[in-house]
Amino acid sequence: MERYSAIKQLAVTSAELIEQVQFDDHQGKPEKIEPLLARIITLALAASADPEALKTSLFQKEKMEKGEK
């Protein structure tokens, strides 16, 4: 997937997620939100100039938040 196309799709999918959480009846329902989160992660990796660096950064941030080293 072309990087620019992935960035555009990422913006649209992010807006869909915001709409699901803020405005619809099913606020926070996993069956509506989880597929959007998975799509956002996939698109973020496709949009990244360096997907491996992005993955590393995300995992490091997650470990720091959990208090791991």
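(A) Structural view of the overall build of the protein. Each helix and strand in the protein was counted, giving three helices and zero strands. Walking the protein from its N terminus toward its C terminus, one meets helices and strands in the order α-α-α. Out of the 69 residues in the protein, the part that is buried amounts to 17%. Taking the intrachain contacts of the protein between residues at least 6 apart in sequence as the baseline, contacts between residues at least 24 apart amount to 50%.

(B) Structural context of the pattern of salt bridges. Across all of its chains, the model carries three salt bridges by this definition. We note a salt bridge from E52 to K55, for which the minimum N-O separation is 3.2 Å. Of this pair, E52 and K55 both sit in helix α3 (residues 51-66), three residues apart, roughly one helical turn. Residue classification places K55 among the partly exposed residues on the basis of a relative accessible area of 33%. Its salt-bridge partner being K66, residue E62 comes within 3.5 Å of it at the nearest N-O pair. Taken as a pair, E62 and K66 lie in helix α3 at a separation of four residues, close to a single helical turn. What makes E62 partly exposed here is its relative accessible area of 37%.

(C) Looking closely at the side chain of T13. When you line up the elements, T13 lands in helix α1 (residues 3-22). Ignoring sequence-local partners within four residues, the contact set of T13 consists of L36, R39, I40 and L43.

(D) Geometry of the nonpolar core. Counting residues in hydrophobic clusters, the biggest one holds eight residues: A6, L10, L17, I33, L36, I40, L43 and A47. Of all elements in the fold, only α1 and α2 (30-47) reach the threshold of two or more residues within this core. Looking at this core element by element, the count peaks at five residues for α2.

Definitions and limits used
Every chain is numbered independently, its residues counted from 1 as its sequence is written. pLDDT decides what is reported in this predicted model: residues at 70 or higher carry local features, side-chain atom pairs at 80 or more are listed and counted, and totals for whole chains, interfaces and linings draw on all residues regardless. Side-chain figures throughout are based on the complete set of non-hydrogen atoms in the structure, without hydrogens or water. Here a helix means four or more residues in a row that DSSP labels H or I, a strand means two or more in a row labelled E, and each is numbered from the N terminus. Each residue's exposure class comes from its accessible area (1.4 Å probe, protein chains only) as a fraction of the maximum for that residue type: buried when under 20%, exposed when over 50%, partly exposed otherwise. Two residues qualify as a contact provided that any one of their heavy atoms is within 4.5 Å of a heavy atom in the partner residue. For this analysis, a salt bridge means a side-chain nitrogen from Lys or Arg found within 4 Å of a carboxyl oxygen belonging to Asp or Glu. Within this scheme, the nonpolar core is defined by two criteria: the residues are buried Ala, Val, Leu, Ile, Met, Phe, Trp, Tyr or Cys, and they are joined through side-chain atoms within 4.5 Å.

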